[in-house]
Amino acid sequence: MLPAPPPKIPLLSRPPGTGLVLLCLLCMIALWTVLCALSHSAPDLDGMEELVWAASLELGYTKHPPLPSWFMHLATELLGRPVWLPFLMGQIFSALGLWFVWKLARDITTPRRALIATLLVSVTAYFSLRGTIYNHNTAQLWSIAASIWLLHRALRGGRTRDWVLLGIVSGLAMLTKYSALIQFAAFFLYMLRSGALRRPDTWRGIAIAALAFLVVLGPHLWWLDQHRFEPLHYADASLQTNGRLAALKELLHFTLDQAGRLAPMALVLAAWALWRKRRGDRAPGHAANDELFAGAGPAPRYWHDLAAEDRQFLLWVGLGPLLSTVLVSVVLGSRLEASWASTFFVLFGFYGLGWLRGPEVVQLRRILILAATLHALLAIGYATARGPIAQLTGHASRSTYPGPELAAHSLRHWQEHQPGRPLRVVVSNTWLGGNIAVHAGPAVRVWIDASDEQSPWFAPGTALRCGALVAYSEDGRATPVPAVRALYDAAPWKGMDEVRWSGPKGPLIDLHWAVLPATPDCLKGN
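The notes below deal with the structure included here. (Residues numbered from 1 in each chain as written. Predicted model: local features only at pLDDT ≥ 70, side-chain atom pairs only at ≥ 80, totals over all residues. Heavy atoms only, no water.)

**Let's talk about the packing of helix H5 (residues 111–122) against helix H16 (residues 360–393)**
At a closest axis distance of 9 Å, the pairing of H5 and H16 adopts a crossing angle of 20 degrees. By the angle between their axes, H5 is roughly parallel relative to H16. For the crossing formed where H5 meets H16, the hand is left-handed. Residues Arg-112, Arg-113, Leu-115, Ile-116, Leu-119, Leu-120 and Ser-122 of H5 lie in contact with H16, whose contacting residues are Glu-360, Val-361, Gln-363, Leu-364, Ile-367, Leu-368, Ala-371 and His-375. Taken together, the residues of the contact of H5 with H16 sort by class into 9 nonpolar, 3 polar and 3 charged. (Axes fitted to C-alpha atoms, helices over the stretch in contact; angles between N-to-C directions. Helix = DSSP H or I, 4+ residues; strand = E, 2+ residues; numbered from the N terminus. Parallel < 35°, antiparallel > 145°, perpendicular 65-115°, else oblique. Left-handed = near helix turned anticlockwise from the far one by under 90°. Contact = heavy atoms within 4.5 Å. Nonpolar A, V, L, I, M, F, W, Y, C, P; charged D, E, K, R; others polar.)

This is the structure we're talking about:
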């Protein structure tokens, strides 16, 4: 008699490991980057700003700390300045943030439940759709998630290495955006509530982390002092509103925006609930293994299987930033912008475990299918709306901005009036100047609004030494500041071209161009 065949093993019956997680993250990066690259002719505003700022490595910039621009500088050195680069960078940092969510989850629950929590939060807008926007919010996802993981390890294990790494990563989070302080406040509140601050070893660890933090942040603190704390003034101005009523209205919009950006995770959980209601907990096609999925009674929800101290950690550290930000806004009447909450939801996948129960192998398979499907639908829908549909309808979207055509017009005029001399400087705002510069050549830099302070890649007073192209547009989101308009008026050669935006039905962009000749010092080669 032939031996009975071994029972079939359901998909994902083995606990997921590093390989599967990395495969999922690489697929996410490829999906979103490729579709955005195919559908967009220009990055978003923040992505273009990072491409422009990547012209040099600085210890700080007028609006923000420097770390995201350092990363972009490295990327442009390796890959040039294609318009798809910000999409790739945004997704890389989104995936890196998810990696540290996975690392935390592996420390507090089973491998399957850890992957479920990671998959659930991955579909939220901040890791998926808005993960294509490379700005200081997206670039901070990894360092916030990593600092949360390291704090958990440091408090549970007390190892010096974890406290040092916590200080380093927290310093990098501050070098990305000062809003990291909100997360650090949540750390403090948790340690206060949990009683960790009553332990001498905790204070020793905090001292070690603080020293590492200051070592990382020290050069930037020196830069801030030398530059009159410019980014802090920008941050303060960003919080201003037109009164308490306006602040409450913005708070309402902020809340609704966050609900919308969390909606994909709620959709996955709703679809899972419907799937389980209709099919139960049996893995289809694996009747030989039914005993794996049978239970004596209703299984507890995954959240309740977590240790009480871990549930407390997740609640205080995960909800603290959002609740404290809303509270401060209500009390002070400060402005809130939806994207500022990008890092507030990194632990929300764990809260989804409060809905899930039953055999892990079955639920992981279902959540993986649902999350992958939703990622694909969101990416295809986003790319289609921002690309073909915008072109067909003539919608003036930044994603269809005619950067290559504007650069071609600008280069033609430059070469006509400065034959044989390469274009090196575009005087404009970040958006229009960046769209011209990235297509005009790898050495072209933007003198932002004719300001040396905003353009530290030029030594003061040298930007116009070898000539420049001045550009602005009243209808193309590049209204000139007085300094740019003055240079335009003083230029010996100037004119205006019209370029169609978003296909035949789109509006016309009025490209006002002017050519400033090289100075005698440049002509002499000095």
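**Focus: a nonpolar patch on the surface**
Among the surface-exposed residues, Leu-248, Leu-327, Val-328, Val-330, Val-331 and Leu-332 lie close enough to one another that they form a single nonpolar patch of about 540 Å² accessible area. By secondary structure assignment, the location of Leu-248 is in helix H11 (residues 244–279). (Patch = residues over 30% accessible without salt bridge, like charges linked within 9 Å, V, L, I, M, F, W, Y side chains within 5 Å. Areas by Shrake-Rupley, 256 points an atom, 1.4 Å probe, with all protein chains shown as cover. Salt bridge = Lys/Arg side-chain N within 4 Å of Asp/Glu carboxyl O.)

**Some details on the packing of aromatic side chains**
Here the structure, examined in full by the defined rule, presents 16 aromatic pairs. Both rings, one in Phe-184 and one in Phe-187, keep their centres 6.1 Å apart while their planes meet at 40 degrees; by these two values the pair is tilted. You can see Phe-184 and its partner Phe-187 sitting in helix H8 (residues 180–194), 3 residues apart, about one turn around the helix. On the basis of relative accessibility, which here comes to 16%, the residue Phe-184 falls in the buried class. A network of ring pairs unites the aromatic residues Tyr-126, Trp-303, Phe-345, Phe-348 and Tyr-351 as a single cluster. The positively charged end of Arg-398 is found above the aromatic ring belonging to Trp-431, 4.7 Å away from the centroid. (Phe/Tyr/Trp six-rings, centres within 6.5 Å; stacked < 30°, edge-to-face > 60°. Buried < 20%, exposed > 50% of the residue type's maximum accessible area, 1.4 Å probe, protein only. Lys NZ or Arg CZ within 6 Å of the ring centre and 35° of its normal.)

**Regarding the environment of Ser-147**
The topology assignment puts Ser-147 in helix H6 (residues 141–157). Once the C-alpha coordinates of Ser-147 and Lys-249 are considered, the two residues, 102 residues apart in sequence, prove to be 33 Å apart. In contact with Ser-147, not counting residues within four places along its chain, are Leu-166, Val-169, Ser-170 and Phe-187. A distance of 2.8 Å separates a polar atom in the side chain of Ser-147 from the backbone oxygen of Ile-144. (Polar contact = N/O pair within 3.5 Å; in protein donor to acceptor, adjacent residues only side chain to side chain.)

**Some words on the state of the cysteines**
This structure, assessed with the given rule, holds 1 disulfide. The side chain of Cys-466 participates in a disulfide bridge whose partner is Cys-522; the two sulfur atoms lie 2.1 Å from each other. Taking the torsion about the sulfur-sulfur bond, which here is approximately 105 degrees, the covalent link between Cys-466 and Cys-522 counts as right-handed. Of the two residues, Cys-466 sits in the loop between strand S2 (445–448) and strand S3 (468–472) while Cys-522 sits in helix H20 (residues 520–523), which places them 56 residues apart along the sequence. The cysteine Cys-24 is free of any disulfide, with Cys-27 supplying the nearest cysteine sulfur at 6.7 Å. Accessibility expressed as a relative area gives 22% for Cys-24, which makes it partly exposed. (Disulfide = S-S within 2.5 Å.)

**Section: the environment of Asp-521**
Turning to its location among the elements, Asp-521 is positioned in helix H20. A C-alpha to C-alpha distance of 20 Å links Asp-521 and Gln-415, two positions 106 residues apart in sequence.

**Describing the environment of Leu-31**
Along the chain, Leu-31 turns up in helix H1 (residues 18–39). Spatially, the C-alpha atoms of Leu-31 and His-375 are 8.3 Å apart, while their sequence positions differ by 344 residues. When near neighbours in sequence (up to four residues on either side) are disregarded, Leu-31 contacts His-375, Ala-376 and Ala-379.

**Focus: the pattern of salt bridges**
Across all of its chains, the model carries 17 salt bridges by this definition. The shortest N-O distance in the salt bridge between Arg-485 and Asp-489 comes to 3.3 Å. On the criterion of helical spacing, the pair formed by Arg-485 and Asp-489 is a turn pair, its members being 4 residues apart in helix H19 (residues 482–490). Its relative accessible area of 35% is what places Arg-485 among the partly exposed residues. Assessed through its relative accessible area of 46%, Asp-489 is described here as partly exposed. Three or more residues are tied together by salt bridges with common partners; here these are Asp-107, Arg-153, Arg-159 and Asp-162.

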